[in-house]
Amino acid sequence: MPRPKTESTNFIFSPHPTQSGKKSKVNYAARDARSSPRIKRNRRRKSFRRKILTFRSSSNICIIMTISEENSKAVNVLKYILAILVVFIHIPAETRNDPVYNGFVANITRTAVPFFFAISGFFAANKQYGTLLKSRFFSLVATMVIWDIVCFALIFPLTCQKPELSKTAFYIRWILGFSTTPTDMPLWYLRNLFVMVAISPVISLLAVRFRNALKCLILLGIPAFVFADTAAMTLHVSPCYYNMAVQSAVFFSAGMYAALNEVRIETEGKFLRAATACFCITCAGYFLAENETIKSAFSQTSALLFAVPAFRLAKSIGRKMPAGRAKYLAKLSLFIFVSHYIFACAYSKWIEPHCAGFEGSAVSVAYIACVVALLSYAYGFIPDKCKRILRI
C-alpha cells in the first residue's frame, strides 16, 4: 500500500538530519529576508565571482554581460558619432591658421579612438576566446588587408603618383599592416585591436583574480595617455608608436575590466554636469596655455572628458530611434571608418594647398559634411554580396 503523504516543513536552518535520514530543505528566500544588506551584497559578489572562475579551459574566460536596450542603442549611435570625429582627425589641418578649428580637432575629435577601444574591450568580455579570436580574425585582419588593397589601388591615381618597383617589399608590408601604419592609415586601429584580442585571456585573468593590480595599471595608464608627448620624448620612442600602444592597452583593458567587474558608469545628473564643467575648463586651459606640452595635456584630458556628454547625446538620440536603425548606424560607422581616408588623401592633394585660416576651416567642414553624407547615402546601395566581400 502507498504510504500516506505528510506535510513537510521548510526550516530556515536545519543542521541536523531528520528522522528519515535526509536534511530538510532550506528556505533561502526567508534566510535572505533576515540577512543584512551587506551580507546579501557579499553573497551576490561571491556568486558572481564563482561564475566567472568557472572556465572551460585556462584560456576561455567568458561572462554573459547584458546591457539594456536603451544603452545598446546609445552605443550604436555613439559609434556613428565617433566615426564622424575620426573623419575630422584625418582631414588634415597642418596648413591651417585657425586656432578655433584646431582647438576643436585637438579637444573633441581625439575622443574617438580611445573609446572605440573601450567599447571593443567591453564586448570582448562577452565571448569565449576561441570563438572571439576566429570571428575577429575575419572581421579585423581580413577587413584591414582588403581595404588596404582598395586604398593602394586608388591612392596613387588620386595623388598623381606612381608606385616604384624598388619599393615592392615596403608596399607588401604596408598593405599587410607591418609598417607603422597600414596603407589605409586609420586601420592601424583594426591591427592593434586584433593584437589586444589575442592577449585578452591575460587581461581577463588580471581583471578577475588581480582586480586591484589591473585597476592600478589602468589608472597609471591615464596619465601616460594625457602626457603622451612628454613620455614619448623621455623614453626616446616614436610618439606615433607610443600613442598607438597606450591607447590600445589602456582603454581596451579598461573596457574588459568594466565588463568583468560590472562597473556602472553614470552619465546622468551630477556626474554629467561635473564632467561637462571640467571639459569646459580644460578647453579654456588649452586656448590659454602657451607651452606646447601643457596644451597637449589639456587636449588629451578634454578628449577623455568629452566621452561623457557624447554618450549622453547618443543616449538622447537613440531613445527615439528604432533598434534596427541604431544597428544600421553601427554598420555604417564601420564603412565610414574604413573608406574615408581615400577622400582625405584627395583633399590633401587638391584642396588643402589652396585654403588657409577661417576659409580653410569652412571648406574643411563643408567637405567633411559632403563625405559623410555621400558615404551614408552610398552604403544603402551597395549590394549585400559586395558588403560581404569588403567585410562591411
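Residues numbered from 1 in each chain as written. Predicted model: local features only at pLDDT ≥ 70, side-chain atom pairs only at ≥ 80, totals over all residues. Heavy atoms only, no water.

### Some thoughts on the overall build of the protein chain
The condition that has to hold: In DSSP terms, a helix is any run of H or I states spanning at least four residues, a strand is any run of E spanning at least two, and both are numbered starting from the N terminus. Burial classification: accessible surface area is computed with a 1.4 Å probe over protein chains only, and a residue below 20% of its type maximum counts as buried, one above 50% as exposed, and the rest as partly exposed. For the area figures, the Shrake-Rupley method with a 1.4 Å probe applies, and any residue is considered shielded solely by the protein chains shown.
What the protein chain contains, in helices and strands, is 17 helices and zero strands. Classification of the 392 residues of the protein chain by burial places 44% in the buried group. When the accessible surface of the protein chain is totalled, it reaches about 22,400 Å², and 65% of it is carbon and sulfur.

### Quick notes on the nonpolar core
It is characteristic of soluble globular proteins that their nonpolar side chains tend to be buried jointly. Basically, it comes down to this: Here the nonpolar core consists of buried residues drawn from Ala, Val, Leu, Ile, Met, Phe, Trp, Tyr and Cys, with membership extended through side-chain atoms lying within 4.5 Å. Whether two residues are in contact is decided by their heavy atoms: any pair within 4.5 Å suffices.
By size, the foremost hydrophobic cluster in this structure holds 95 residues, and its most contacted members are Tyr189, Phe252, Phe335 and Ile336. Sort the elements by how many residues they give to this core and helix α15 (residues 323–350) lands first, with 13 residues. Not counting residues up to four positions away in its chain, the partners in contact with Ile336 are Tyr80, Ala83, Val87, Val372, Leu375 and Ser376.

### Digging into the environment of Leu140
Relative to the helices and strands, Leu140 is located in helix α6 (residues 129–158). A residue is classified by how much of its surface remains accessible, and Leu140, at 5% relative accessible area, is buried. Not counting residues up to four positions away in its chain, the partners in contact with Leu140 are Leu190, Leu193 and Phe194.

### Digging into helix α10 (residues 211–226)
For clarity, the cut-off: To estimate how far a helix should reach, multiply one less than its number of residues by 1.5 Å. The reported arc concerns the directions from the helix axis to the C-beta atoms and nothing else.
Over its 16 residues, α10 runs 23 Å from end to end, which matches the ideal 22 Å to within 8%, given 1.5 Å per residue. What α10 keeps buried is the set Leu214, Ile218, Gly221, Phe225 and Val226. Down the axis of α10, the sector holding all buried residues measures 130 degrees, keeping them to one side. Looking at α10, the residues exposed on the side facing more than 90 degrees away from the buried face are Asn212, Leu219 and Leu220. Looking at the buried positions of α10, the neighbouring elements they touch are α5 (112–124), α9 (200–209), α11 (228–235), α12 (239–260) and α14 (292–319).

### Re the pattern of salt bridges
Note the following rule: Between Lys or Arg on one side and Asp or Glu on the other, a salt bridge is scored when a side-chain nitrogen of the former is within 4 Å of a carboxyl oxygen of the latter.
Applying the stated rule across the entire model yields one salt bridge. Here Glu70 makes a salt bridge to Arg319, at a shortest N to O gap of 2.8 Å. Of this pair, Glu70 sits in helix α3 (residues 69–90) while Arg319 sits in helix α14, and the two are 249 residues apart along the sequence.

### Things to note about the side chain of Ser120
Test applied: Side-chain atoms alone can form a polar contact between residues adjacent in sequence; in general such a contact is a pair of N or O atoms within 3.5 Å, and within protein one must be able to donate a hydrogen while the other accepts it.
Along the chain, the position of Ser120 falls in helix α5. Looking at Ser120, its side chain comes within polar contact range of the main-chain oxygen of Phe116, at 2.9 Å. Residues contacting Ser120, with those up to four places away along its chain left out, are Tyr189, Leu193 and Phe252.

### Examining the packing of α3 against α15
The condition is simple: The axes are straight lines fitted to the C-alpha atoms, using for helices just the contacting stretch, and the angles between their N-to-C directions are given from 0 to 180°. Roughly parallel here means an angle under 35 degrees, roughly antiparallel means over 145, roughly perpendicular means 65 to 115, and every remaining angle is called oblique. Crossing chirality is assigned from the near helix's rotation relative to the far helix, an anticlockwise turn below a right angle marking it left-handed and a clockwise turn marking it right-handed.
At a closest axis distance of 8 Å, the pairing of α3 and α15 adopts a crossing angle of 15 degrees. Here α15 runs roughly parallel to α3, going by the angle between their axes. Handedness of the α3/α15 crossing: left-handed. Judged by residue contacts, Glu69, Lys73, Asn76, Val77, Lys79, Tyr80, Ala83, Val86, Val87 and His90 of α3 engage Ala323, Ala326, Lys327, Leu329, Ala330, Leu332, Ser333, Ile336, Phe337, His340 and Ala344 from α15.

### Some thoughts on the packing of aromatic side chains
Definition in use: Pairing of aromatic side chains requires ring centres within 6.5 Å, counting the rings of Phe and Tyr and the six-membered ring of Trp. Pairs whose planes differ by under 30 degrees are stacked, by over 60 edge-to-face, and all others tilted. Placement of a positive charge over a ring is assigned whenever Lys NZ or Arg CZ falls within 6 Å of the ring centre and within 35 degrees of the normal to the ring plane.
For the structure on display, the rule yields 21 aromatic pairs. Seen in terms of ring centroids, Phe279 and Phe306 are 5.4 Å apart; in terms of plane orientation they differ by 40 degrees. Their pairing is tilted. Taken together, the positions of Phe279 in helix α13 (residues 269–288) and Phe306 in helix α14 put the pair 27 residues apart, joining distant regions of the chain. A single burial state applies to Phe279 and to Phe306, both of which are buried. An aromatic cluster is defined as three or more aromatic residues linked by ring pairs; in this entry it consists of Phe116, Phe117, Trp188, Tyr189 and Phe337. Above the plane of the ring of Trp350 lies Lys349, whose end atom (NZ or CZ) is 5.9 Å from the centre.

### A short note on the side chain of Ser364
You can see Ser364 is positioned in helix α16 (residues 357–379). In this structure Ser364 comes out as buried when scored by relative accessible area, which is 0%. In this structure the side chain of Ser364 is engaged in a polar contact, spanning 2.6 Å, whose partner is the side chain of Tyr347.

### Overview of α15
Three- or four-residue spacings in an α-helix give side chains the same orientation, since the helix completes a turn every 3.6 residues. Note the following rule: To get the bend at a residue, fit one axis to the 7 residues ending there and another to the 7 starting there, then take the angle between the axes.
With 28 residues, α15 extends 40 Å between its outermost C-alpha atoms, agreeing within 8% with the 40 Å of an ideal straight helix rising 1.5 Å per residue. The largest bend in α15 comes to about 40 degrees, at Ser339.

### Comments concerning the packing of α6 against helix α8 (residues 188–198)
Short version of the rule: Note on residue classes: Ala, Val, Leu, Ile, Met, Phe, Trp, Tyr, Cys and Pro are nonpolar, Asp, Glu, Lys and Arg are charged, and everything else, Gly too, is polar.
Their axes nearest at 9 Å, the elements α6 and α8 cross at an angle of 165 degrees. Comparing their axes, α8 and α6 come out roughly antiparallel. In this structure, the crossing between α6 and α8 has a hand that is left-handed. On α8, the residues that touch Tyr129, Leu132, Leu133, Arg136, Phe137, Leu140, Val141, Thr143 and Met144 of α6 are Leu190, Arg191, Leu193, Phe194, Val197 and Ala198. Residue classes in the contact of α6 with α8 are distributed as twelve nonpolar, one polar and two charged.

### Details of a nonpolar patch on the surface
The condition that has to hold: Exposure above 30% relative accessible area and no salt bridge define the residues that can form patches, which grow by joining like charges within 9 Å and nonpolar side chains of Val, Leu, Ile, Met, Phe, Trp and Tyr within 5 Å.
Residues Ile172, Leu176 and Phe178 make up a contiguous nonpolar surface patch of about 320 Å² in total accessible area. Tracing the backbone through its elements, the reader meets Phe178 in the loop between α7 (168–176) and α8.

### Things to note about the confidence of the model for the protein chain
For clarity, the threshold we go by: Every residue gets a pLDDT, meaning the predictor's confidence in that residue, from 0 to 100.
Per-residue confidence for the protein chain averages 80 on the pLDDT scale, and 80% of its residues sit at or above 70. The secondary structure element of the protein chain with the lowest average pLDDT is helix α1 (residues 28–34), at 55, and the one with the highest is α8, at 93. Overall, residues 3–25 carries pLDDT values under 50, and its contacts beyond four positions in sequence, including any with other chains, amount to 15 contacts. In the predicted structure, residues 51–64 sits below a pLDDT of 50 and forms 29 contacts with residues beyond four places in sequence or in another chain.

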